[in-house]
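The residues making up each chain are set out below.
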Amino acid sequence: MLVDKHSTETLKRRDKQVYEIIEPARQRALSSEEYHRALPAELERADAEVYRLIGAEYDRQQNMLQLIAAENQCSRAVLAALGCAVQNKTTEGFVGARFHGGCAVVDRLEALAIDRARQAFGAKYANVQPHSGTSANQIVLAAILSSGDRILSLGMDQGGHVSHGDRVSFAGKFFQVEQYQVDRDSFLLDYEAIAQQARRFRPRLIICGASAYSRVIDFERFRAIADEVNAFLLADVSHISGLIIAGVHPSPVDYAHFTTTSTYKPGGPRGGLIVMGKDFDAPLLVGKREVPLWQRVEKTTFPGFQGTPYLNNIAAKAVFFGETLSDEYRDRQFRIVENAQALAAEFQGLGYDVLTGGTDNHMFLVDVTQFRNGLTGAIAQRSLEDCGIVINMNRLPYDRHCAKVTSGMRLGTPIVTRNGMGPAEMTTIAQRVDHVLANLEILDERTYRLDESLRQETADAVRDLCTRFPMR
Ligand code: DSN
């Protein structure tokens, strides 16, 4: 109850008239449990259309195979934290130094999220306020660079990310960006070539990390290159941060000056995170003053870049980072990689060209143009979606097709693994994908004709498979 028993008794004695007005309202005030339990019914009553669409999206997720490498599926506990009364709290600043009153509870939530994030990544500093992975990157860039400074990063068409300096992005607009490439034959990062490029270009910041690269990234080597040219190193590990937490992929935290990730890709709520390891308090010259790097990041987050943090997201991040400390989460990261490797091997067995010959992480790329004359990523994505299989078309390094057509498809295993699928199901998935791609009729680089009985048969089989592995 909102008013404690003693104060109501006092009120009753002192001012019966006020008491008689307040008491019925007090009786109507819900406990937190009653308030939050009523949320779904309240949405259904208030907005039937949105309620219905949410249901439709749930059905889509449950009944179709979710193989987009950037996607994951958070727990229901994380979802509950996202949709709660914490959303109503506004503040600015950081724990213990806020610009609004009433922050006692959200301070504890944010402190919990920070503490758990630091534990998860073995980091010295964690900032849980960035609204997204892209925002986290923008904050780091704005913290250490001035307009016109140089960035060296992996090209978008080479497996990089738009926020790393693609010319259409914020970074591409305000900084001089040069991009490194993967080797033309092996499609692997060529560290010697990157080092040479860095020596020539003299960037102030090197960014490593990718959204479409299936092999281990050597963060130690990247740091050696950065040190040689006196650059900062930012590791954006959004795609592989769950694997890093579990120790399936080496950690960049003590090699990079800054490590960023979105929090939904490893399986949490939407949002971003910045963590820092041994360099967290290295001095940075700002004007005439030296400030520790972590403090510069904090000041750039607020007031530099963002306003009020999304405190309900931060509550959900706290729940998620707590989950990552469990054996279940850590074991699952190993199974995600096992499934990706099994699925890649199945495709290779069926005659597909898997880039780099396999994968060390949660995803891989397939050059579909090598499988059938005229087949493109766009046709693969659309035809498979018609049949209940959700993947994404992806440009491959040195692709001759544009971004809306592409030569590749990218597949990832975080969601199917979360729902309990294993190597046997990876065999079934590869066979189903192959059956569709081998039998459709290609009309041009974006259009195709699919036999209705093939579509129906595949969609039914996919639905049955997904029903055996319900969303967790
Ligand atoms: N990084 C994008 C992807 O990998 O699909 C999403 O932000």
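Rules used in this analysis
Residues numbered from 1 in each chain as written. Predicted model: local features only at pLDDT ≥ 70, side-chain atom pairs only at ≥ 80, totals over all residues. Heavy atoms only, no water. Near = heavy atom within 4 Å. Polar contact = N/O pair within 3.5 Å; in protein donor to acceptor, adjacent residues only side chain to side chain. Areas by Shrake-Rupley, 256 points an atom, 1.4 Å probe, with all protein chains shown as cover. Nonpolar A, V, L, I, M, F, W, Y, C, P; charged D, E, K, R; others polar. 1 Å grid on protein atoms, 1.4 Å probe; cavity = no way out; pocket = protein on both sides within 12 Å on 5 of 7 lines; lining within 4 Å. Points joined across faces, edges and corners; volume = space filled by probe spheres on them. Helix = DSSP H or I, 4+ residues; strand = E, 2+ residues; numbered from the N terminus. Core = buried A, V, L, I, M, F, W, Y, C linked by side-chain atoms within 4.5 Å. Buried < 20%, exposed > 50% of the residue type's maximum accessible area, 1.4 Å probe, protein only. Contact = heavy atoms within 4.5 Å. Expected span 1.5 Å × (residues − 1). Pairing = 2+ DSSP bridges.

Asker: What's the story with the site of the ligand in this structure? I'm lost.
Answerer: Inspection of the region around the ligand gives Ala 70, His 161, Ser 211, His 239, Tyr 264, Lys 265 and Arg 410 as its neighbouring residues. A distance of 3.2 Å is found between a nitrogen atom of the ligand and a side-chain nitrogen or oxygen belonging to His 161. Residue Tyr 264 places a side-chain N or O atom 3.5 Å away from an oxygen atom belonging to the ligand. Protein coverage of the free-state accessible area of the ligand, which is 230 Å², stands at 67%. In the shell around the ligand, the residues fall into two nonpolar, three polar and two charged.

Asker: Any chance you could explain the layout of surface pockets here in plain terms?
Answerer: A water-sized probe rolled over the atoms picks out the places where empty space is left. One number sums up the size of the largest pocket: a volume of about 1200 Å³. Lining the largest pocket are 32 residues, and of these Ile 54, Cys 74, Leu 79, Ala 80 and Leu 82 sit closest to its centre. Among the secondary structure elements, those contributing two or more residues to the lining of the largest pocket are helix H3 (32–37), helix H4 (39–46), helix H5 (48–63) and helix H6 (76–82). With seven residues, H5 is the single largest residue contributor to the lining of the largest pocket. Partitioning the lining of the largest pocket into residue classes produces 16 nonpolar, nine polar and seven charged.

Asker: What am I meant to see in the nonpolar core here?
Answerer: Note that soluble globular proteins tend to have their nonpolar side chains buried in a common cluster. Ranked by size, the top nonpolar core spans 55 residues in total, and within it Phe 121, Leu 189, Ile 206 and Phe 222 carry the most contacts. Residue contributions to this core peak at seven residues, all from helix H14 (residues 311–324). Other than its neighbours up to four places away in sequence, Phe 121 contacts Ser 241, Ile 244, Ile 245, Val 253, Thr 261, Leu 273 and Val 275.

Asker: How do you make sense of helix H15 (residues 327–349) when you look at a structure like this?
Answerer: The periodicity of an α-helix, 3.6 residues per turn, causes residues three or four places apart in sequence to face the same way. Its 23 residues give H15 an end-to-end C-alpha distance of 33 Å, which sits within 8% of 33 Å, the value for a rise of 1.5 Å per residue. Remark: Gly 351 follows H15 within two positions and exhibits a positive phi of approximately 100 degrees.

Asker: Whenever I open this one, the sheet that holds strand S17 (residues 408–412) confuses me. Can you help?
Answerer: The strands making up a sheet are joined through hydrogen bonds of the backbone, oriented either antiparallel or parallel. Reading across from one edge, S13-S14-S17-S16 is the order of the four strands in this open sheet, with antiparallel pairing throughout. Every interior strand has two partners, whereas the edge strands, strand S13 (353–354) and strand S16 (392–394), have only one. Bridge count between strand S14 (residues 363–367) and S17: five bridges; the pairing is antiparallel. Bridging from a neighbouring strand, Phe 364 pairs with Leu 411 of S17.

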